[in-house]
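An overview of the molecular structure
Each chain is listed here by its residues.
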Amino acid sequence: MRAIYPGSFDPITNGHIDIIIRASKLFDELRIAVGGNILKNSVFSIDERVELIEASLRSQDVDISKIIVEKFDSLLIDYAKKVNADVIIRGLRAVSDYEYELQMALANKEMNENIETIFLVSSGKYSYLSSSLVKEIAYFEGDLDNFVPDVVKKNLRNKFQ
Ligand code: COA
């Protein structure tokens, strides 16, 4: 089975990596799909976000043979069909994620009933983590050690210098 894990990843965090490692064990192929949420202003360009994901995975003990990182610029469901994905993976951190995720899953199901959304529950230690939180800590020069891989930390420092 082929899965995609979509998101804006601005930037990737240890919470995303936790989901990627767990999802990659469940599927034959995992495509990390980096998209733009049109309602969000991003700090990193889409190409920078792809590079940071690739570099982060290389620096971890992750079997990257089944993982592809790619950007997309369309409806998620159209991209999923284009790459023949069976499943969309989303992480659920807390109850507060549920309403938004349910809306997206139902809309995607309405547009293509053959593609399922599967939720993985975030590990407790990352359930509070978000890319915005990480950017705010970086902006105020806080300690990012437990939140992002070193390569992301370095790039955040450069952005906010
Ligand atoms: N660890 C850490 N953070 C996590 C996380 C985890 N396991 N799971 C979610 N998050 C955080 C992200 O860091 C992000 O934080 P931020 O808001 O501070 O940036 C937040 O949760 C949600 O981000 P993400 O999962 O990337 O979702 P998104 O809303 O930014 O983008 C897309 C989701 C790209 C998949 C969606 O907008 C999309 O499909 N776009 C294409 C257009 C489309 O098809 N629209 C119709 C959809 S029905």
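See the structure above.
Scope of this entry: the structure provided in the associated data block. (Residues numbered from 1 in each chain as written. Predicted model: local features only at pLDDT ≥ 70, side-chain atom pairs only at ≥ 80, totals over all residues. Heavy atoms only, no water.)

Quick look at the overall build of the protein now. Secondary structure summary: the protein contains 6 helices and 5 strands in total. Counting from the amino terminus, helix and strand elements in the protein follow one another as β-α-β-α-β-α-β-α-β-α-α. Taken over C-alpha atoms, the radius of gyration comes to 15 Å for the protein, in line with the 15 Å a tight globule of 161 residues would show. Each principal axis of the C-alpha distribution contributes one length, and for the protein these read about 45 × 35 × 30 Å. Taken across its 161 residues, the protein has 45% of its residues classed as buried. Sequence-distant contacts in the protein: of pairs separated by 6 or more residues, those separated by 24 or more amount to 74%. Carbon together with sulfur atoms contributes 49% to the accessible area of the protein, which is approximately 9,200 Å² in total. Positive and negative side-chain charges of the protein, numbering 20 and 25 respectively, have mean locations separated by a distance of 2 Å. (Helix = DSSP H or I, 4+ residues; strand = E, 2+ residues; numbered from the N terminus. Rg over C-alpha atoms; globule rule 2.2 N^0.38 Å. Buried < 20%, exposed > 50% of the residue type's maximum accessible area, 1.4 Å probe, protein only. Contact = heavy atoms within 4.5 Å. Areas by Shrake-Rupley, 256 points an atom, 1.4 Å probe, with all protein chains shown as cover. Lys, Arg positive; Asp, Glu negative; His and termini not counted. Charge placed at Lys NZ, Arg CZ, Asp CG, Glu CD.)

With that settled, the discussion passes to the packing of aromatic side chains. Under the definition given, this model contains 5 aromatic pairs. Ring centres 5.4 Å apart and planes at 75° place the aromatic pair Tyr5 and Phe9 in the edge-to-face group. According to the relative accessible area criterion, Tyr5 is buried, its value standing at 5%. Residue Phe9 is classed as buried on the basis of its relative accessible area, which comes to 3%. With centroids separated by 6.2 Å and ring planes inclined at 75°, the aromatic side chains of Tyr128 and Phe147 adopt a geometry described as edge-to-face. (Phe/Tyr/Trp six-rings, centres within 6.5 Å; stacked < 30°, edge-to-face > 60°.)

Okay, the site of the ligand next. Among the 26 residues in the neighbourhood of the ligand, the closest are listed as Ser8, Lys40, Leu76, Tyr100 and Ser132. At 2.8 Å, a backbone N or O of Leu76 approaches an oxygen atom of the ligand. Breaking the shell around the ligand down by element, the ones donating at least two residues are strand 1 (2-7), helix 1 (14-24), helix 4 (95-111) and helix 5 (131-139). Per-element accounting of the shell around the ligand gives the leading share, 4 residues, to helix 4. Broken down by class, the residue content of the shell around the ligand amounts to 10 nonpolar, 13 polar and 3 charged. (Near = heavy atom within 4 Å. Polar contact = N/O pair within 3.5 Å; in protein donor to acceptor, adjacent residues only side chain to side chain. Nonpolar A, V, L, I, M, F, W, Y, C, P; charged D, E, K, R; others polar.)

Here the focus is the sheet that holds strand 3 (residues 67-71). Ordered by their spatial adjacency, 5 strands build an open sheet running 3-2-1-4-5, and the pairing between neighbours is parallel. Only two strands of the sheet have a single neighbouring strand rather than two, namely strand 3 and strand 5 (116-121). Strand-to-strand twist across the sheet, computed as the mean angle between neighbouring axes with direction ignored, equals 30°. The sheet contact formed by strand 4 (residues 87-92) and strand 5 spans 6 bridges and is parallel. Residue Gly91 lies in a different strand from strand 5, and its bridge partner there is Leu120. Contacting strand 2 (29-34) and strand 3, helix 2 (residues 46-59) crosses the sheet at an angle of about 165° to strand 3. The sheet strands contacting helix 4 are strand 4 and strand 5, and the helix crosses strand 4 at an angle near 170°. (Pairing = 2+ DSSP bridges. Axes fitted to C-alpha atoms, helices over the stretch in contact; angles between N-to-C directions.)

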